[in-house]
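Chain and residue survey
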Amino acid sequence: MSMDPSPLLLFEQVSKWFGPVLGLNQITLELTGGITGLVGANGAGKSTLIRLATGQSRPSLGRVTVRGVDAWDWRARRLVGYCPDHDAFYEDMTGRDFVHAMARLCGYPRADARRRADSTLDLVGMADRADRKLRGYSKGMRQRVKLAQALVHDPELLVLDEPLGGIDPVGRQEMLDLFRRLAASGKCLLVSSHELEELEKLTNHVAVMARGRIAAVGTLQQIRDLMDDFPLSVRIEVDHPRELARHLLAMPDVVGVDVEAEGVVVRARHPQKFFRAFGTLVVETELDVRRLDPLDDSAHAILGYLLGGSGKT
Amino acid sequence: MPPASDALLRYRPWRGTLRSPIFGALAMGRVSLRLMVRRRLFWGLYGLALMVFFFFFYGQYLVVWIQQQTAGQTVFFGGMPVKAADLTKFLDRLALNGSGHTFANYIWFQGYIAMIVLALAGAVLVGNDFHHGSLPYYLSKPIARRHYVLGKCLGIAMFINLLTTVPGVVLYIQAGLLYDWKTYYADHLRELAGIFGYGATLTVALSLLLVATAVGVRRTVPLVMVWTGIFVLCRMLGGFLVDGQNLDPRWRLIDFWNDLYLVGLGCLGVDRATLRPPAQPEVWEAALVVGGVCIACVLYLRRRIHAVEIVS
């Protein structure tokens, strides 16, 4: 890991216009490590942000730096690995040749490039299939080769655009495990994905984008706690719902309770304070709580609240 | 996928120093060359190029052999007695005698084949990077935009030189061995320099022109049409204006292929009086046009590639 004190990826008041269209609006974002999910609806600006981070595009205003080096500068890209969402390979090449060519492009000598390509293909689980031509690869295999080419020069920052698209469930789990291990080994991952359930399994830290802005950044819990306008809904299954409802309505953070046959659905502000108070209540009243199920603290629900829609991306 | 415990075992942090992006451009050149060689569509043209080479190679040998062995003899050709030396008269136009014209003619013919292959391969080499979106793979690596252009030009340059300069040098070596090598190599150094000069002129001009047109039009058919316009229509028009309408020979400067040929002849030190057709512009004028086209291509590429941003 680098000892450089500069943030690994830093967006400073970055705006990007495409003609009259404002793609990104005054983005400020800092990544130092771990895995960060990048979520948002189509057209929210995720791809633009990724292109700026990987030096594919230049900001109209503001500055994007990687360890203090302008992201547009080729030197910055020694620290960045990029796995694009689309695959446009030379189909006549084998997977191994492609990754090897990408390693040579990074500046590795021939023997080192061969070794790096082999070890990276091994890492993504493609070692045994790397000598087949790319045109014969399945979508999942192409994703793995794309990931291999992004990892081949051992970047500190790995930017992954829809890395799980087209991969079967078993493969997804393997990839998620790999991402976690890479993060544990000191790499910083920025993962853009519409697969919110998978993203939630991977990381709790997300940046939510909406209309060219960062709507929120932090852990899902932190973001949820800040959303005072949308009280957290929790379904609680108990034997005596009416008695529980009476106790809940006496709590300061509770704004509403719906009584159902099997329990209650309570809406509360400040979730952390509520859960602490609820724990105390259960101990004091000896209520027999069978199940406690937060209904809208998932990434889907949070995104839906932030974007004013259903949460679908 | 290997078990979680050892998956990162072989994938270790890189402790060394990565080389300059120039080496990245070289790698890109090699990949481009491999792409051109692998296309079976072009193998027929490569075969034709090989035939042209063998024609010149064995033609030189045949001419020398006839001159030395049977020049004074009479042979029967279609029942008619013919001097053996007269049988090779049809080869005189190609000047298969190890002179500057030999190499100029050879590079002229091979250059045509190279030009046709490049017109067909331009979309594969450069256009598809834009059209199909391969560019992010290149530009996400530690190379600058200029290294991308350099890499593509290097690939094209390797290809042109494999078809023109390298076999040209082989013909030069062969000519020395056929004649008196002790004096030939010393007396014909200008020709050797001319082979390299003509090859370099073709290399620089065609690679820049190809990358520039491929960046502009991207698809194979429009690219072939543009190149046909430059190398066929302009050539015909130049010939019509100078030879047909008896206008100033400078009108032939619109024939870019002829300009390259004139520069090549200038490098080879060929006497201007022996040129065909005789009404030709000055070599320096042709060199100015070639230089101007190259500069225009560089400026265009600088505008289009240097500032390229992936936006879709």
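Before going into details, it helps to say that this report is about the structure given with it. Just so it is clear, the model here is predicted, and its values are computed rather than measured. (Residues numbered from 1 in each chain as written. Chains lettered and ligands numbered in written order. Predicted model: local features only at pLDDT ≥ 70, side-chain atom pairs only at ≥ 80, totals over all residues.)

What to know about the overall build of chain A
- Each helix and strand in chain A was counted, giving 10 helices and 14 strands.
- Viewed in the frame of its principal axes, chain A has a C-alpha envelope of about 75 × 45 × 40 Å.
- Expressed as a percentage of its 313 residues, the buried residues of chain A come to 46%. (Helix = DSSP H or I, 4+ residues; strand = E, 2+ residues; numbered from the N terminus. Buried ≥ 20, exposed ≤ 12 C-beta atoms within 10 Å, placed from the backbone.)

Quick notes on the overall build of chain B
- Each helix and strand in chain B was counted, giving 11 helices and 2 strands.
- Starting at the N terminus, the α and β elements of chain B follow one another as α-α-β-β-α-α-α-α-α-α-α-α-α.
- Counting all 312 residues of chain B, 39% fall into the buried class.
- Intrachain contacts of chain B at a sequence separation of at least 6 include 79% that bridge at least 24 residues. (Contact = placed C-beta atoms within 7 Å.)

Focus: helix α9 (residues 271-285) of chain A
- With 15 residues, α9 of chain A extends 20 Å from end C-alpha to end C-alpha; this agrees with the ideal 21 Å at 1.5 Å per step.
- Among the residues trailing α9 of chain A, E286 of chain A stands out with phi positive, at a value near 55 degrees. (Expected span 1.5 Å × (residues − 1).)

Some words on the sheet that holds strand β12 (residues 254-259) of chain A
Residues and elements named next belong to chain A.
- Pairing within the open sheet is antiparallel, and its 4 strands lie in the order β12-β13-β11-β14. Either end of the sheet is taken by a strand with one partner, and the two such strands are β12 and β14 (289-294). Taking the axes of each pair of neighbouring strands and ignoring which way they run, one obtains an average angle of 20 degrees across the sheet.
- Here strand β11 (residues 232-238) pairs with strand β13 (residues 263-268) via 6 bridges, running antiparallel. Across the sheet, S233 pairs through a bridge with R267, a residue of β13.
- Running over the sheet, helix α8 (residues 241-249) touches β11, β12 and β13 and is turned about 170 degrees from β12. (Pairing = 2+ DSSP bridges. Axes fitted to C-alpha atoms, helices over the stretch in contact; angles between N-to-C directions.)

Focus: the pairing of strand β1 (residues 74-77) of chain B
- As judged from the 4 bridges shared by β1 of chain B and strand β2 (residues 80-83) of chain B, these two strands associate in the antiparallel manner. Paired with F76 of chain B across the strands is P81 of chain B, a residue of β2 of chain B.

Remarks on the interface of chain B and chain A
- The interface is formed by 36 residues belonging to chain B together with 39 residues belonging to chain A.
- Counting residues per element, the side of chain B that touches chain A draws most heavily on helix α1 (residues 21-38) of chain B, which supplies 8 residues.
- Considering only residue class, the side of chain B that touches chain A consists of 24 nonpolar, 7 polar and 5 charged. (Nonpolar A, V, L, I, M, F, W, Y, C, P; charged D, E, K, R; others polar.)

Description of unusual backbone geometry
Residues and elements named next belong to chain A.
- Even without being glycine, Q13 reaches a positive phi, approximately 50 degrees.
- Inspection of the secondary structure puts Q13 in strand β1 (residues 9-18).
- In the Ramachandran plot, R211 falls in the positive-phi region, its phi being about 50 degrees despite a non-glycine side chain.
- Mapped onto the secondary structure, R211 falls in the loop between β9 (205-210) and β10 (213-219).
- Look at R211 and you get partly exposed, because 14 C-beta atoms sit within 10 Å.

A few points about the nonpolar core
- Counting residues in each nonpolar core, the largest one holds 158 residues, and the members touching the most others are L157 and V159 of chain A together with V211 of chain B.
- The biggest single contributor to this core is helix α3 (residues 100-131) of chain B, with 15 residues.
- Leave out the neighbours within four places in its chain, and L157 of chain A touches L8, L9, V66, L79, V80, C188 and L190 of chain A.
- Counting residues in each nonpolar core, the second largest holds 13 residues, with V234, L244, V254 and V264 of chain A among its members. (Core = buried A, V, L, I, M, F, W, Y, C linked by C-beta atoms within 7 Å.)

Focus on the packing of helix α8 (residues 189-217) of chain B against helix α10 (residues 256-268) of chain B
Residues and elements named next belong to chain B.
- Relative to each other, α8 and α10 sit at 155 degrees, their axes nearing to 7 Å. The angle between α8 and α10 falls in the class roughly antiparallel. Seen from above, α8 lies across α10 with right-handed handedness. Judged by residue contacts, E191, A193, G194, G197, Y198, T201, L202 and A205 of α8 engage L260, V263, G264, C267 and L268 from α10.
- Classifying every residue of the contact of α8 with α10 by side-chain character gives 8 nonpolar, 4 polar and 1 charged. (Parallel < 35°, antiparallel > 145°, perpendicular 65-115°, else oblique. Left-handed = near helix turned anticlockwise from the far one by under 90°.)

Here's the deal with α8 of chain B
- Given a rise of 1.5 Å per residue, 29 residues ought to cover 42 Å, and the 41 Å separating the end C-alpha atoms of α8 of chain B matches this to within 8%.
- Immediately beyond the C-terminal end of α8 of chain B, within one or two residues, lies R218 of chain B, with a positive phi of roughly 70 degrees.

Quick notes on the packing of α8 of chain B against helix α9 (residues 220-244) of chain B
All names here are of chain B.
- Axis separation between α8 and α9 bottoms out at 9 Å; the angle between their running directions is 135 degrees. In terms of orientation, α8 and α9 fall into the oblique class. When you trace α8 past α9, the crossing you get is right-handed. Contacts between α8 and α9 involve T213, A214 and V217 from the first element and P222, L223, V226 and W227 from the second.
- Here the contact of α8 with α9 is composed, by residue class, of 6 nonpolar, 1 polar and no charged.

Some details on the pairing of β14 of chain A
Residues and elements named next belong to chain A.
- With respect to burial, β14 is a largely exposed element, only 0 of its 6 residues being buried.
- Bridge count between β11 and β14: 5 bridges; the pairing is antiparallel. Note on β14: the bridge partner recorded for E237 is R291.

A few points about the sheet that holds strand β6 (residues 80-83) of chain A
Residues and elements named next belong to chain A.
- The sheet built from 6 strands is open, its strands ordered β6-β7-β8-β3-β9-β10 with mixed pairing. Edge positions in the sheet fall to β6 and β10, since each of these pairs with one other strand and no more. Neighbour to neighbour, the strand axes of the sheet diverge by 15 degrees on average, direction disregarded.
- Bridge analysis of strand β3 (residues 34-40) against β9 gives 4 bridges, and the strand direction is parallel. Residue L38 lies in a different strand from β9, and its bridge partner there is A207.
- Lying on the sheet, helix α1 (residues 46-53) is in contact with β3, β7 (157-161), β8 (188-192) and β9; it crosses β7 at an angle near 150 degrees.
- In the packing of helix α10 (residues 299-307) onto the sheet, contacts are made with β3, β9 and β10, and the angle to β9 comes to roughly 30 degrees.

The values are spatial; any link to function lies outside them.
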